[in-house]
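Listed below, chain by chain, are the residues.
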Amino acid sequence: MEPHHEPDGGSSDAGAAQELGSPLFSSCENLSSRQEEQSTKMRRSDNYLPVPGEEKNQDGNQDHAKARNNESIPMKTLHADDGSPLYSKLGPYFRDGHRRVDYILEYSIQKPHSTRRRSSKFGNDNFLRRLRRSLSSRSSKAPLQPKEDPEFAAQDHQADYHEDDKSSKRKEFEENLHEAGLELEWDEENQIPGVGFLKIHAPWDILCREAELMKLKMPTKKTYEVKQGSNLVEKIRLFIHKATAPLHPNLDSNQQPGLKPLSHPFSREKEHLFDLSDKDKFFDSKTRSSIVHEVLKRTKCQRDNYSMGITSLLANSIYTAAYPPHDGDINGMDLNDRRRLYEEWASYSVFYKYQPVGLIRKYFGEKVGLYFAWLGVYTQMLIPASIVGVIVFLYGCATVDSNIPSMEICDPRNNITMCPLCDRACSYWKLVTACGTARASHLFDNEATVFFSIFMALWAVLFMEHWKRRQMRLNYIWDLTGFGEEEEDHNRAEYEIRVMKKTMRQDQSAPKEEKVKLTCTDRMPAYMTAVAMMAFMITLSFTMAFGVILYRISIKAALHMSSAAGRSNIRATVKGTAAVINVIIIIILDEIYAKIARWLTILEVPKTDKSFDNRLIFKTFILKFVNAFTPIVYLAFFRGRLVGRPGKYLYVVGSYRMEECAHAGCLMELCIQLCITMLGKQFIQNNLFEIGIPKLKKMLQKRKMDPQEEEKQNKILQRHQKDHLLLPFAGLNPEYMEMIIQFGMVTLFVASFPLAPLFALLNNIIEIRLDAKKFVTELRRPVAAKAKDIGIWYNLLRGLSKVAVIVNAFVIAFTSDFIPRLVYQYTYSSDGTLHGFVNHTLSVFKVSDFEPGTEPLVPKHLGYNVETCRYKDYREPPWSKTPYELSKEFWSILAVRLAFVIVFQNVVMLMSDFVDWLIPDIPKDISLQIHKEKIHMMELFMKEEQGKRRAARDTRSMYKCNSPPSAGQSPPQPRSRPNTHARAGW
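Residues numbered from 1 in each chain as written. Predicted model: local features only at pLDDT ≥ 70, side-chain atom pairs only at ≥ 80, totals over all residues. Heavy atoms only, no water.

Before going further, it helps to spend a moment on the overall build of the protein. Per the secondary structure count, the protein includes 30 helices and 18 strands. Expressed as a percentage of the 986 residues in the protein, the buried residues total 47%. Long-range pairs, those at least 24 residues apart, make up 80% of the contacts in the protein with a sequence separation of at least 6. (Helix = DSSP H or I, 4+ residues; strand = E, 2+ residues; numbered from the N terminus. Buried < 20%, exposed > 50% of the residue type's maximum accessible area, 1.4 Å probe, protein only. Contact = heavy atoms within 4.5 Å.)

It is worth spelling out unusual backbone geometry at this point. Located in the positive-phi region is S317, a residue other than glycine, with phi close to 60°. With respect to the helices and strands, S317 occurs in the loop between α9 (310–315) and β10 (321–323). Note on S317: relative accessible area 40%, which makes it partly exposed. Within the chain, D479 stands out as a residue other than glycine whose phi angle is a positive 60°. Along the chain, D479 falls in the loop between α15 (447–477) and α16 (493–505). The exposure class of D479 is buried, given its relative accessible area of 18%.

A few words now on the packing of helix α5 (residues 204–213) against helix α8 (residues 285–298). At a minimum axis separation of 10 Å, α5 and α8 run at an interaxial angle of 75°. Between α5 and α8, the crossing angle belongs to the class labelled roughly perpendicular. Residue-level contacts link L207, R209, E210 and A211 of α5 to R288, I291, V295 and R298 of α8. Considering only residue class, the contact of α5 with α8 consists of four nonpolar, no polar and four charged. (Axes fitted to C-alpha atoms, helices over the stretch in contact; angles between N-to-C directions. Parallel < 35°, antiparallel > 145°, perpendicular 65-115°, else oblique. Nonpolar A, V, L, I, M, F, W, Y, C, P; charged D, E, K, R; others polar.)

Another aspect to go through is the state of the cysteines. This model, assessed by the stated rule, comprises two disulfides. Here C410 pairs with C435 through a disulfide, and the sulfurs are 1.8 Å apart. Here the S-S torsion is close to 95°, and the disulfide linking C410 with C435 is therefore right-handed. Residue C410 is found in helix α13 (residues 404–410), and its partner C435 is found in helix α14 (residues 435–442); the two are separated by 25 residues along the sequence. (Disulfide = S-S within 2.5 Å.)

A few words now on the packing of helix α12 (residues 366–399) against helix α23 (residues 733–748). How two helices sit against one another is set out by the angle between their axes and by the gap between those axes. Closest axis-to-axis distance for the α12/α23 pair is 12 Å, and the angle between their directions is 20°. Of the possible angle classes, the one that applies to α12 and α23 is roughly parallel. The chirality of how α12 crosses α23 is left-handed. From α12, L370, Y371, W374, L375, Y378 and L382 reach across to α23, where they touch E735, Y736, M739, Q742, F743 and V746. Here the residues of the contact of α12 with α23 sort into 10 nonpolar, one polar and one charged. (Left-handed = near helix turned anticlockwise from the far one by under 90°.)

Moving on, we get to the nonpolar core. With 108 residues, the main nonpolar core has W374, Y378 and F749 as its most contacted residues. At 15 residues, the largest contribution of residues to this core is made by α12. (Core = buried A, V, L, I, M, F, W, Y, C linked by side-chain atoms within 4.5 Å.)

The next thing to look at is the side chain of S386. Mapped onto the elements of the fold, S386 is located in helix α12. Residue S386 is classed as buried on the basis of its relative accessible area, which comes to 4%.

Taking the UniProt record as the reference, the feature "transmembrane region" (unreviewed entry) is found at residues 371–395, 448–464, 527–550, 570–589, 616–637 and 739–762. Span residues 527–550 is 100% helix and 0% strand, its end C-alpha atoms 35 Å apart. Regarding residues 616–637, the helix share stands at 100% and the strand share at 0%, and the terminal C-alpha atoms are separated by 30 Å. (UniProt positions renumbered as here; feature names shortened; annotations may be inferred.)

Moving on, we get to the sheet that holds strand β4 (residues 183–187). Sheet strands pair by backbone hydrogen bonding; their relative direction is either parallel or antiparallel. Spatial strand order, β4-β5-β3-β10: four strands in an open sheet with antiparallel pairing. Single-partner strands in this sheet number two, and they are β4 and β10. Neighbour-to-neighbour, the strand axes of this sheet turn through a mean angle of 20°, independent of strand direction. Of the pairings in the sheet, the one linking β4 to strand β5 (residues 195–201) comprises five bridges and is antiparallel in character. Paired with E183 across the strands is H201, a residue of β5. Across the sheet, α8 is in contact with β3 (103–108) and β5; its angle to β3 comes to roughly 50°. (Pairing = 2+ DSSP bridges.)

Structure (structure tokens):
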């Protein structure tokens with residue numbers, strides 16, 4: 001690859017391109033003819049530092065000054081005694097130690113020991129080199145070497161041309177960055193082989209210009225007092241804030257408490273409004289990197305009459321990475337924001353403290369700050385839900401001994417013989433053997449379950465309202481009240497490439513004034529592919545769930561045919577192993593679905609990043625939601641209902657009989673599946689994958705590397721080289737998706753598992769610190785992105801909270817025995833209690849009515865002949881006129897179940913809407929402070945205007961005093977609009 005050429009001795013100023021007189025080329029390919037002329041200039045790979053003070057001619061000799069202007073000092077001499085670079089300890093700076101590195105671009109370079117051949121298009125060196133080699137080989141007495149494979153030679157020649165083409169595109173793009181005013185510095189001779197770094201610095205005038213174009217709100221000199229609200233809610237909030245003072249992070253803030261500076265969009269004409277006493281700190285590192293990123297997106301490189309921005313250059317591997325540098329090391333001597341985040345946020349020793357959301361936003365930007373603020377609010381709201389869930393569980397534990405249905409099942413005097421659970425292999429069994437399952441089911445299926453379902457529905461609404469208020473408070477504190485996201489809507493590189501290809505395919509006679517864009521017809525194949533693949537993957541999830549059903553049926557029959565010693569634990573073994581298999585399938589399919597969803601979204605070629613994210617989120621959510629909840633929905637609503645009855649069972653795939661629920665219902669099995677799924681997805685998929693695998697990789701790397709060598713390398717590597725070794729930032733979508741699925745687990749089936757909020761709380765306490773450590777120590781710093789809210793995720797949360805009401809209503813009505821117990825107690829019970837409820841739920845079957853080949857083989861172990869057996873259903877007895885038909889009790893209970901679903905849904909929805917209406921989205925004190933801030937801003941502008949008028953009058957009066965009218969000359973008449981001219985001069 002042709003080495004890059006660096007104007008002005010390796011680092012350029014804002015006007016370096018004009019001083020050198022290097023023109024900007026209209027296309028990337030036109031630069032190739034200039035490479036021979038530029039060959040005498042310094043190479044970037046030499047890592048030279050310009051000598052300060054040599055730009056001016058001290059002795060009057062211009063030629064000597066010009067020669068001295070390119071003189072430089074090799075960087076290898078600028079090292080400390082321990083071998084570390086002299087300026088690496090100062091942070092991410094240029095080699096001069098003064099200009100801060102605001103952005104890093106990486107690109108691939110050829111290894112130093114390899115030999116490059118240039119294509120004939122870029123010069124004749126390749127031809128001359130081959131000619132010399134041919135002559136020398138003929139004149140030598142050594143045997144001839146075998147000929148080079150022409151296919152490999154052609155590939156090598158094409159690769160060389162491709163690399164030179166990339167180099168020319170980079171050259172033009174960097175020249176355009178020069179013209180935009182950015183200062184560049186290259187680093188190719190470094191400790192990372194094969195990687196070159198372009199360090200970018202934005203000088204003060206460029207920062208001011210771009211801040212004005214981007215309408216960045218910056219704090220002014222004017223501050224005002226923020227008064228707390230006087231209503232009861234604000235007093236309670238202030239009391240809680242003071243009571244939890246030890247839980248707040250220890251961050252030293254220069255700003256006085258109770259004071260907030262007025263913020264206004266930056267303007268160079270109004271620089272006097274802002275505190276510019278320290279220009280190095282006026283724009284923090286987050287703002288500087290976002291400004292440079294905006295310049296990079298706006299700067300273009302021409303190719304075949306098509307402009308390529310930084311996104312297109314990254315997509316075509318012309319640059320391999322682009323990211324802002326971290327502020328410093330987490331264990332360095334200087335106290336930077338990254339180290340403060342590590343100590344007060346990313347450490348497990350501060351798990352009980354609140355997150356420093358303001359510092360997170362200052363370092364990573366508003367989008368990342370909003371995610372962790374939302375995660376903190378969600379985790380905080382899980383505390384009351386966990387407490388209530390534990391109370392409901394303890395209530396079940398306390399009342400299990402007084403539960404009449406459980407006592408009847410466990411009473412051996414009842415001596416109820418139940419029908420076989422499978423054909424042939426299974427025998428008759430006694431109901432008393434289900435005593436343990438019945439007692440365990442009461443822990444989750446009791447009267448408090450209905451109350452907890454209503455509570456969780458209201459909890460979801462309170463959580464959403466609390467987050468909206470918290471979000472508005474953050475918008476006010478972070479000066480985002482007037483922010484509009486449409487200003488940051490840029491086309492994606494893939495979209496621009498597709499538009500370019502479509503433009504090239506179009507007929508030349510097409511009207512050129514019409515803007516080319518991708519239509520629905522262009523995307524139709526991608527849409528059809530997406531629909532077909534989504535349908536296939538949803539079907540795959542259903543198939544996997546059905547496969548686990550067949551596993552349960554077959555393994556149950558196999559265990560029943562085994563020795564009698566294992567028959568007592570057959571049900572628990574089948575439940576546990578099936579749940580574990582489901583979790584493994586869910587984890588594997590989750591990883592596959594995430595990749596397929598991204599591939600399908602890329603096929604659709606969305607226009608903007610926001611459209612890409614929304615489409616990707618929708619596809620991923622649908623697939624992962626179906627994958628995670630298909631086994632749970634089956635257990636809750638379908639198992640035990642598609643069975644049939646003894647003598648007329650329902651079979652699938654030949655001779656597989658559909659499985660039944662236990663006598664206490666399927667709620668216990670649903671609880672086990674939810675518990676194992678939550679534990680598996682959270683503690684295995686999330687924490688093990690995010691903690692265990694990175695830790696294992698680090699251990700393997702440390703074993704290969706000597707500790708002294710590792711310490712020496714940490715001293716030698718500069719900031720941008722250390723950032724290169726970190727993982728690239730992949731976005732917040734996986735983090736949000738993980739929490740959204742957890743929110744579904746907590747709310748959708750909470751009636752069957754009251755401990756779900758507790759499990760989620762314990763996971764999130766670990767998850768916050770885990771994500772914090774990942775962001776601070778393991779990931780490259782993301783580009784700061786502004787955002788007012790969490791976007792489409794809020795709509796998904798709101799939709800899940802609405803669906804949760806309906807799902808919990810159906811779980812209580814159809815999955816649990818709450819409605820049958822209620823109907824029996826108030827309709828069929830003679831004494832108004834649940835005595836006789838178990839016998840009421842069991843129907844009678846005559847064993848002589850078994851279909852041939854389905855009766856049990858070994859009924860003799862019971863010690864007596866079985867004539868009738870019982871099964872759980874509401875059907876007529878065999879001696880009635882309509883044997884085995886559904887009884888009137890079934891239809892009455894079904895009517896009550898449906899009525900309960902309607903009443904429960906409407907009552908809870910009405911209560912939720914009332915709470916939503918009762919709590920305002922914007923806190924009253926925040927709305928008052930926003931109004932107060934506008935008044936202060938108007939007063940500030942009025943004072944500024946009065947000051948301008950006063951200065952204009954003083955200037956006019958001074959002019960009159962200094963130039964008195966001459967004799968016979970009348971004094972000048974005042975103009976009708978003097979203020980206009982005075983303001984123009986100001």
